[in-house]
Amino acid sequence: MIYIDDNHIKVGGIVLPGLIKNFEIKANALIEEQTVEGSNSKPKQAVGYEDCKVNIELVLEDSEKMTKEQKLQQIQNLFKKKNQTVPQIHKLVNEHAAIRGIENVVFKQMDTKEQSKTSEITVTIEFWEYVPVKITTIKKTNVESYTPVFNSNLTDQYSLYLNERGTAPKLNSKMSLTPAIDDTKTATLINKVKLLPY
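The residue numbering used here restarts from 1 in each chain and proceeds along that chain's sequence as written. Since the coordinates come from a predicted model, pLDDT governs what is reported: local features require at least 70, and pairs of side-chain atoms require 80 or more to be given and counted, while whole-chain, interface and lining totals use all residues. Based on all heavy atoms of the structure, the side-chain values leave hydrogens and waters out of the count.

Engineer: Teacher, can you tell me more about the pattern of salt bridges here?
Structural biologist: Two side chains of opposite charge can pair, provided their charged atoms sit close to one another. Any Lys or Arg side-chain nitrogen located within 4 Å of an Asp or Glu carboxyl oxygen qualifies as a salt bridge. Under the counting rule described, the total for this entry stands at four salt bridges. Put simply, E114 and K68 hold a salt bridge, and the shortest N to O gap is 3.6 Å. Residue E114 is located in strand β9 (residues 104-114), and its partner K68 is located in helix α1 (residues 68-79); the two are separated by 46 residues in the primary sequence. Three exposure classes are used, based on accessible area relative to the maximum for each residue type with a 1.4 Å probe and protein chains only: buried under 20%, partly exposed in between, and exposed over 50%. Judged by relative accessible area, E114 falls into the exposed class, the value being 52%. E103 is the salt-bridge partner of K91, the closest N and O atoms lying 3.9 Å from each other. Of this pair, K91 sits in strand β8 (residues 89-93) while E103 sits in the loop between α2 (95-99) and β9, and the two are twelve residues apart along the sequence. The partly exposed category is assigned to K91, whose relative accessible area is 38%. Runs of H or I in DSSP of at least four residues are treated as helices and runs of E of at least two as strands, each being numbered from the N terminus.

Right, here's the structure in full:
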């Protein structure tokens, strides 16, 4: 969590040491330019917004409790802890940022500068707005083709026929007439045969 007020900046429960020199939020719209043959002007189309960038500039000096190097080490540990491989996402709490619609940020960049004539270290921190993207996945099942295993007693020719014979045509309705019973006389004859005693 990051907490920023007029005097302090809190990141991950730790107040950033130093004097806040500058606090800035930048935001840009995404505009695409189209090239049209024979025209000097390029039509523009708005396509969205870039993620906001929050820039903070701090000045570190020696104090009674901490040296400027210890303060710098504290900020460095927030940017990248030992053995950390992925940047952390932080909650940003600040009235200025809330008005701009920024809630979550990533600690994107940290620059430090030390000048020979002064006894201070300038730290420039850049946070990028983090907007999680919802990704929906569709699980696909891998349908393998069914290859029947036949009894080895069958002849090779008959086994080959069974493998290559294809499938029966599908009917739209199970109640539809088939060639076997389309003929009313044939259907009546079949029904009579079924009733004959054996």
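Engineer: Can you help me understand the pairing of β8 in this one?
Structural biologist: On β8, burial follows the alternation: H90 and L92 on one face are buried, whereas I89, K91 and V93 on the facing-out side are not. When β8 meets β9, the two strands line up antiparallel, connected through three bridges. Bridge assignment links I89 to a residue of β9, and that residue is V106. At least two DSSP bridges between two strands are required for those strands to pair.

Engineer: Mind showing me how you'd approach α1 here?
Structural biologist: Residue pairs three or four apart in sequence face the same way in an α-helix, which turns once every 3.6 residues. Helix span, expected: 1.5 Å multiplied by one less than the number of residues in the helix. Helix length check: α1, at twelve residues, gives a terminal C-alpha distance of 17 Å against a target of 16 Å (1.5 Å per residue), a fit within 8%. Looking only at α1, the buried set comprises K68, K71, I75 and L78. Projected onto a plane normal to the axis of α1, the buried residues spread over an arc of 80° and lie on a single side. Buried positions along α1 lie against β2 (9-11), β3 (14-15), β7 (53-60), β9 and β10 (121-129). The arc under discussion is defined with respect to the helix axis, by the directions toward the C-beta atoms. Contacts between residues were defined by any pair of non-hydrogen atoms, one from each residue, lying within 4.5 Å.

Engineer: Please clarify how the side chain of N55 should be interpreted in this entry.
Structural biologist: With respect to the helices and strands, the residue N55 is situated in strand β7. Leave out the neighbours within four places in its chain, and N55 touches N22, F23, E24, K26, I125 and E126.

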